[in-house]
Amino acid sequence: SYLERQKDMKADMICVDWKVDMAVARTILGPDVKVSGNVDPLVLMGPEENIRKAVRECVTKAGPGHVLNLGHGVIQETPEEAVGAFVDEAKKFHYSDIASAETKELVEA
């Protein structure tokens, strides 16, 4: 990937699309580089629990210094309810939740 070449850019944030595992991106870029992304937009076409799980996984893998986002925007046919579930889970799930055993179980489920 090009992340190795981008980690010392003077950008405010690096946006990562859904094809890059966020944990790998975080490892390559390090904890001080702000990242944005990277839930697969097609997840929003699936069941609500998959949407919520994808949010939790992305936030957990990215850690602090992260702006949750879709990896490539909302597809035109995406149901509004799916976007609502994405936003709702993003508001509910906090970095402080990551350390709890219950959250780890939710992400692994």
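Quick note: structure is the one above.
Residues numbered from 1 in each chain as written. Predicted model: local features only at pLDDT ≥ 70, side-chain atom pairs only at ≥ 80, totals over all residues. Heavy atoms only, no water.

## Here we look at unusual backbone geometry
The peptide bond linking Gly 37 to Asn 38 adopts the cis configuration, its omega dihedral lying at -5°. Here Asn 38 shows up in strand 2 (residues 35-39). (Helix = DSSP H or I, 4+ residues; strand = E, 2+ residues; numbered from the N terminus.)

## A closer look at the sheet that holds strand 2
Note on sheets: strands pair through backbone hydrogen bonds, and any given pair is parallel or antiparallel. Spatial strand order, 1-2-3: three strands in an open sheet with parallel pairing. Each edge of the sheet is formed by a strand with only one pairing partner; in this case those strands are strand 1 (14-16) and strand 3 (66-70). Within this sheet the neighbouring strands show an average axis-to-axis angle of 20°, counted without direction. Taken together, the five bridges between strand 2 and strand 3 define a ladder with parallel strand orientation. Each bridged residue has a counterpart across the sheet, and for Ser 36 the counterpart in strand 3 is Val 67. (Pairing = 2+ DSSP bridges. Axes fitted to C-alpha atoms, helices over the stretch in contact; angles between N-to-C directions.)

## A few points about the side chain of Arg 52
Relative to the elements of secondary structure, Arg 52 occurs in helix 3 (residues 48-62). Arg 52 has contacts with Ala 85, Asp 88, Glu 89 and Lys 92, leaving out every residue within four places of it along the chain. (Contact = heavy atoms within 4.5 Å.)

## Observations regarding the side chain of Arg 26
Structurally, the position occupied by Arg 26 is in helix 2 (residues 22-29). It is Asp 32 that comes nearest to the buried, bridge-free Arg 26 among opposite-charge side chains, at 7.5 Å. Setting aside residues no more than four positions away along its own chain, Arg 26 makes contact with Pro 31, Val 33, Val 35, Lys 61, Ala 62, Pro 64 and Gly 65. (Buried < 20%, exposed > 50% of the residue type's maximum accessible area, 1.4 Å probe, protein only. Lys, Arg positive; Asp, Glu negative; His and termini not counted. Salt bridge = Lys/Arg side-chain N within 4 Å of Asp/Glu carboxyl O.)

## Overview of the packing of helix 2 against helix 3
Between helix 2 and helix 3, the shortest axis-to-axis distance is 8 Å and the interhelical angle comes to 15°. When the axis of helix 2 is compared with that of helix 3, the two are roughly parallel. Relative to helix 3, the crossing made by helix 2 is right-handed. Contacts from Met 22, Ala 23 and Arg 26 in helix 2 reach Cys 58, Lys 61 and Ala 62 in helix 3. (Parallel < 35°, antiparallel > 145°, perpendicular 65-115°, else oblique. Left-handed = near helix turned anticlockwise from the far one by under 90°.)

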